[in-house]
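# Structure at a glance
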Amino acid sequence: MSKPKVIVTRRWPAAVEARLRELFDVTLNEADVPLSADQLKDALRHHDAVLPTVTDALTAEVLGAEPLRARMLGNFGVGYNHIDIEAAMARGITVTNTPDVLTDCTADIAVTLMLMVARRAGEGEREVRSGHWAGWRPTHLIGTKVTGKTLGLIGFGRIARALAKKAHYGFDMPVIFYTPHPPEDEVCRDLGAKPCASIEEVLKQADFVSLHCPGSKENRHLIDAERLALMKPGAFLINTARGDVVDNDALVRALKNKTIAGAGLDVYEGEPHVNPGFLELENVVLLPHMGSSTEETRAAMGLRVVENLSAYFAGQVPRDKVV
Ligand code: 8YV
């Protein structure tokens, strides 16, 4: 029997590409240049499965490709806001993602951002590298203490819970959160986390607000000017979720006017574009969407896609079936 034909839209870790070569008739993207909408349509016409990432806009228009051969999208990543899920369902396409394996590394990047922005690490690094460091003095680069401060989580899924654990046990932080689906009391007790009745309640109380809700039409600009205005003047906003959960223009204004103390961002509206307003500000730390970017996690993400694909082609329900 011939092997299923699969196409990978970006470069993946070498070990995973090797495994894909063993199992499938695979087309790799050695140049690592993102595919255009037309190329994605072509991929859907000529392969049994397409393996996309966050940089591939699989819109209803793209998924309307005819004649459609691909009935499987094995997404490399847990978030799938770049895939029109309703259109995929309408076309009978199975979509899978890669949860669990990136939880800790993404939570670690949230910790990195909290520490960097509160302790002004980006500013300090820029100063040393530019040769402008004049030496130690008691009033130099004074930041904000992280240990013991209140962490507020918007969303309470895997990554938020991993962050709660690190913050509570590592930094002695009281944790509060808002989720429309609160977990059992025991989960909250173990993480030292207290549910709040609304997003507003979290925003008003937290010293660090970290976003952990999915990117979606519903969550677009969930954090807008009005909600930013509820945050304490000394508070920091951390975003490792999706850029468009925050109104980026409103955030630039809040940072510029110092109505909040700072922000740590790993994700942006319209990536890889970054709102130029952020670039002029010292009180924001800017990372290039690297939450899951460790050797261990990226390999595990790829192998999780391989597992999902193998199950799909064996006629089983893949472990991480989204639809
Ligand atoms: C991925 C992410 O690297 O998994 C996600 O949702 O945001 C990142 O960790 C990226 O999405 C790859 O598609």
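So, here is what we can say about the structure in this document. Because the structure is predicted, anything quoted here is derived from the model rather than measured. (Residues numbered from 1 in each chain as written. Predicted model: local features only at pLDDT ≥ 70, side-chain atom pairs only at ≥ 80, totals over all residues. Heavy atoms only, no water.)

## As for the sheet that holds strand β2 (residues 25–27)
On the basis of which strands lie adjacent, the open sheet formed by five strands has the order β2-β1-β3-β4-β5 and parallel pairing. A strand with exactly one partner marks an edge of an open sheet, and here the two such strands are β2 and β5 (94–96). Strand-to-strand twist in this sheet, taken as the mean axis angle between neighbours without regard to direction, amounts to 20°. For strand β4 (residues 72–74) and β5, the ladder comprises three bridges, and the chain directions are parallel. What sits directly across from Leu73, in β5, is Val95. (Pairing = 2+ DSSP bridges. Helix = DSSP H or I, 4+ residues; strand = E, 2+ residues; numbered from the N terminus. Axes fitted to C-alpha atoms, helices over the stretch in contact; angles between N-to-C directions.)

## Considerations on empty space enclosed by the protein
All chains considered together, the criterion is met by one cavity of 30 Å³ or more. As a volume, the largest cavity reaches approximately 30 Å³. As for the largest cavity, its lining consists of Asn239, Gly243, Val246, Asn248, Leu251, Leu265, Val267 and Phe278. Looking at the lining of the largest cavity residue by residue, the class counts come to five nonpolar, three polar and no charged. (1 Å grid on protein atoms, 1.4 Å probe; cavity = no way out; pocket = protein on both sides within 12 Å on 5 of 7 lines; lining within 4 Å. Points joined across faces, edges and corners; volume = space filled by probe spheres on them. Nonpolar A, V, L, I, M, F, W, Y, C, P; charged D, E, K, R; others polar.)

## Some thoughts on the pattern of salt bridges
All chains considered together, the criterion is met by 18 salt bridges. For Asp48, the salt bridge goes to Arg69, with nearest N and O atoms at 3.0 Å. You can see Asp48 sitting in the loop between α2 (37–46) and β3 (49–51) and its partner Arg69 sitting in the loop between α3 (60–63) and β4, a full 21 residues away along the chain. Classification of Arg69 by relative accessible area gives partly exposed; the value is 37%. The closest approach of N and O atoms between Glu125 and Arg129, which form a salt bridge, is 3.0 Å. With a gap of four residues between them, Glu125 and Arg129 both fall in helix α6 (residues 121–129), about one helical turn apart. Residue classification places Glu125 among the partly exposed positions, given a relative accessible area of 42%. Through salt bridges with shared partners, a single network forms among Asp100, Arg158, Arg304 and Asp320. (Salt bridge = Lys/Arg side-chain N within 4 Å of Asp/Glu carboxyl O. Buried < 20%, exposed > 50% of the residue type's maximum accessible area, 1.4 Å probe, protein only.)

## Describing the pairing of strand β9 (residues 208–211)
Side chains Phe208 and Ser210 project from β9 onto one buried face, and the interleaved Val209 and Leu211 project onto a second face that is buried too. In this structure, strand β6 (residues 151–154) lies alongside β9, joined through four bridges in parallel fashion. Within the sheet, the bridge partner assigned to Leu151 lies in β9 and is Phe208.

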